[in-house]
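# Chain and residue survey
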2 protein chains.
Amino acid sequence: MREAIREARIAKSYGEVPIGAVIVKDGEIIARGHNMREMWKDPTAHAELIAIREAARVLGGWRLTGCTLYVTLEPCPMCAGSLILSRVDNVVIGAMDAKGGAVGSVINIVEEDDFNHRPEVTTGVLAEECGIMLKEFFRELRNKRSK
Amino acid sequence: MREAIREARIAKSYGEVPIGAVIVKDGEIIARGHNMREMWKDPTAHAELIAIREAARVLGGWRLTGCTLYVTLEPCPMCAGSLILSRVDNVVIGAMDAKGGAVGSVINIVEEDDFNHRPEVTTGVLAEECGIMLKEFFRELRNKRSK
């Protein structure tokens with residue numbers, strides 16, 4: 001999760017909302033991603049989706065079996081859906097997202113019996129550190145806008 | 001929807017599951033996509049996501065306000081989530097997906113009050129034609145595998 005936080009900080013350095021993700025297989029980080037929505041002008045450029053696509057490239061196939069995805073914020077519906085599609089084994093989450101989270105907060109996509117894959121979910125890993133980054137980012141944004 | 005079906009047929013010609021999407025703004029098709037999961041070895045390469053990313057490139061920004069997305073099959077959770085994130089105004093769906101659909105069949109992501117955008121949804125447009133393509137594809141696949 002420390003490496004996912006490092007990715008989130010890279011996003012912040014570009015003025016992006018600081019969310020980061022890494023994907024680990026056999027104890028090694030095989031892919032990284034950070035939110036790039038504004039820079040890439042792409043509504044799908046979330047940390048998780050970028051990392052998943054990178055991991056698929058690295059592994060040479062779309063199935064991320066045996067992989068664990070670490071992400072600093074609870075995934076949105078799109079990203080939670082991509083966790084099912086990519087068949088990742090485990091998802092480790094930092095802070096929860098009460099307003100938009102799709103892994104238990106607003107809805108729970110990854111623990112829905114009707115879908116054909118259910119990754120194992122762990123929450124609350126370095127949650128405070130992950131959450132503080134976001135709170136500080138939005139506080140600074142509000143301060144800038146009110147000036 | 002005829003153009004989305006045309007996209008689905010392109011997917012089929014590559015041996016991909018035949019699903020297609022187009023995005024229309026001001027009466028013109030600005031983006032197209034068809035399922036490319038196997039060819040691109042990318043679990044996120046669904047018709048809708050490809051079309052959304054293309055439309056954002058064409059429009060030069062991540063907000064697809066004023067756009068309508070036509071898709072031959074009810075979107076999965078990932079794609080339904082991307083419809084919220086991209087702020088498309090309208091979604092027009094061909095066939096429904098009882099096993100994996102996230103616009104009413106298994107869950108309904110795009111009509112969830114807690115998320116910050118709700119596109120208008122129309123279903124059942126050329127549904128039979130869209131559905132038959134998929135049924136034929138999977139029947140042929142089963143026949144090939146049983147030989």
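Source: prediction; values computed, not measured. (Residues numbered from 1 in each chain as written. Chains lettered and ligands numbered in written order. Predicted model: local features only at pLDDT ≥ 70, side-chain atom pairs only at ≥ 80, totals over all residues. Heavy atoms only, no water.)

### Some points on the nonpolar core
To keep things clear, this is the line we draw: To qualify as a nonpolar core, a set must consist of buried Ala, Val, Leu, Ile, Met, Phe, Trp, Tyr and Cys residues joined through side-chain atoms within 4.5 Å. Partly exposed residues are those whose accessible area sits between 20% and 50% of the maximum for their type, while under 20% is buried and over 50% is exposed, using a 1.4 Å probe and protein chains only. Working rule for contacts: check all heavy atoms of both residues, and any pair within 4.5 Å makes them a contact.
Within the largest apolar cluster, 76 residues are counted, with the highest numbers of intra-cluster contacts made by Ile 23, Leu 64 and Ile 109 of chain A together with Ile 23, Leu 64 and Ile 109 of chain B. If near-sequence neighbours (up to four positions away) are discounted, Leu 64 of chain B is found in contact with Ile 23, Ile 52, Ala 55, Ala 56, Leu 59, Ser 86, Arg 87, Val 88 and Asp 89 of chain B. Grouped together as the second largest cluster of nonpolar side chains are ten residues, Leu 49, Cys 76 and Met 78 of chain A together with Met 78 of chain B included.

### Overview of the relation of the copies chain B and chain A
The condition that has to hold: For this overlay, a least-squares fit was computed on C-alpha atoms, restricted to residues scoring pLDDT of at least 70 in both copies.
Take chain B, turn it by 180°, move it 0.0 Å along the axis, and it overlays chain A with an RMSD of 0.0 Å. Taken together, these values place the two copies in the relation of a two-fold axis. Scanning chain B for the C-alpha nearest the rotation axis identifies Met 78 of chain B, at a separation of 1.9 Å. Looking at the interface residues of chain B, 100% of them are also at the interface in chain A, so both copies use one shared face.

### Here's the deal with the environment of Val 88 of chain A
Residue and element names in this part refer to chain A. Applicable threshold: Put simply, DSSP H or I for four residues or longer makes a helix, DSSP E for two residues or longer makes a strand, and each gets a number counted from the N terminus.
Relative to the elements of secondary structure, Val 88 occurs in the loop between α4 (77-85) and β4 (90-95). Residue Val 88 is classed as buried on the basis of its relative accessible area, which comes to 0%. Linking Val 88 and Glu 48, residues 40 residues apart in sequence, is a C-alpha distance of 11 Å. Residues within four places of Val 88 in sequence aside, it is in contact with Leu 64, Cys 67, Leu 83, His 117 and Pro 119.

### Examining unusual backbone geometry
Glycine aside, residues mostly have negative phi, and peptide bonds are mostly found in the trans state. Positive phi outside glycine occurs at Arg 87 of chain A, with the angle close to 65°. Mapped onto the elements of the fold, Arg 87 of chain A is located in the loop between α4 and β4. Positive phi, close to 50°, is recorded for Asp 26 of chain B, a residue that is not glycine. Inspection of the secondary structure puts Asp 26 of chain B in the loop between β1 (20-25) and β2 (28-34).

### Thoughts on the pattern of salt bridges
Note the threshold: Think of a salt bridge as a Lys or Arg side-chain nitrogen and an Asp or Glu carboxyl oxygen that are within 4 Å of each other.
Applying the stated criterion across every chain, the model contains 20 salt bridges over all chains. In this structure, a network of salt bridges that share partners links the residues Glu 3, Arg 6, Glu 7 and Arg 32 of chain A.

### A short note on the pairing of β2 of chain B
Residues and elements named next belong to chain B. Just so we agree on the cut-off: For two strands to count as paired, DSSP must find a minimum of two bridges between them.
Of the strand pairs in this sheet, β1 and β2 are connected by six bridges, and their pairing is antiparallel. Bridge pairing links Ile 23 to Ala 31 in β2. Hairpin connection from β1 to β2: two residues lie between these consecutive antiparallel strands, with Asp 26 at a positive phi of about 50°.

### Observations concerning the UniProt feature "domain: CMP/dCMP-type deaminase" (unreviewed entry) in chain A
The criterion, for reference: UniProt positions are given in the numbering used here, feature names are shortened, and annotations may be inferred rather than shown by experiment.
Sites flagged by UniProt as "domain: CMP/dCMP-type deaminase" (unreviewed entry) map to residues 1-106 of chain A. In the segment residues 1-106 of chain A, helix accounts for 36% and strand for 25%; the C-alpha atoms at its two ends are 23 Å apart.

### Quick notes on the packing of helix α3 (residues 47-59) of chain B against helix α4 (residues 77-85) of chain B
Residue and element names in this part refer to chain B. Note the cut-off: Orientation is described by axes fitted as lines to C-alpha atoms, over the contacting stretch for helices, and by angles from 0 to 180 degrees between their N-to-C directions. Angular relationships are summarised with four words: roughly parallel below 35 degrees, roughly antiparallel beyond 145, roughly perpendicular across 65 to 115, and oblique for the angles in between. Two helices cross in a left-handed way if the nearer one is turned anticlockwise from the farther one by less than a right angle. They cross in a right-handed way if the turn is clockwise. Residues are grouped as follows: nonpolar covers Ala, Val, Leu, Ile, Met, Phe, Trp, Tyr, Cys and Pro; charged covers Asp, Glu, Lys and Arg; every other residue, Gly included, is treated as polar.
Where α3 meets α4, the axes come as close as 9 Å, and the angle between the chain directions of the two elements is 25°. With respect to α4, the axis of α3 lies roughly parallel. The chirality of how α3 crosses α4 is left-handed. In this structure, α3 uses Glu 48, Leu 49 and Ile 52 to contact α4, whose residues at the interface are Met 78, Cys 79, Ser 82 and Leu 83. Taken together, the residues of the contact of α3 with α4 sort by class into five nonpolar, one polar and one charged.

### Brief notes about the side chain of Asp 42 of chain B
Tracing the backbone through its elements, the reader meets Asp 42 of chain B in the loop between α2 (37-40) and α3. Setting aside residues up to four positions removed in sequence, Asp 42 of chain B forms contacts with Arg 53, Ala 56 and Trp 62 of chain A together with Arg 37 of chain B.

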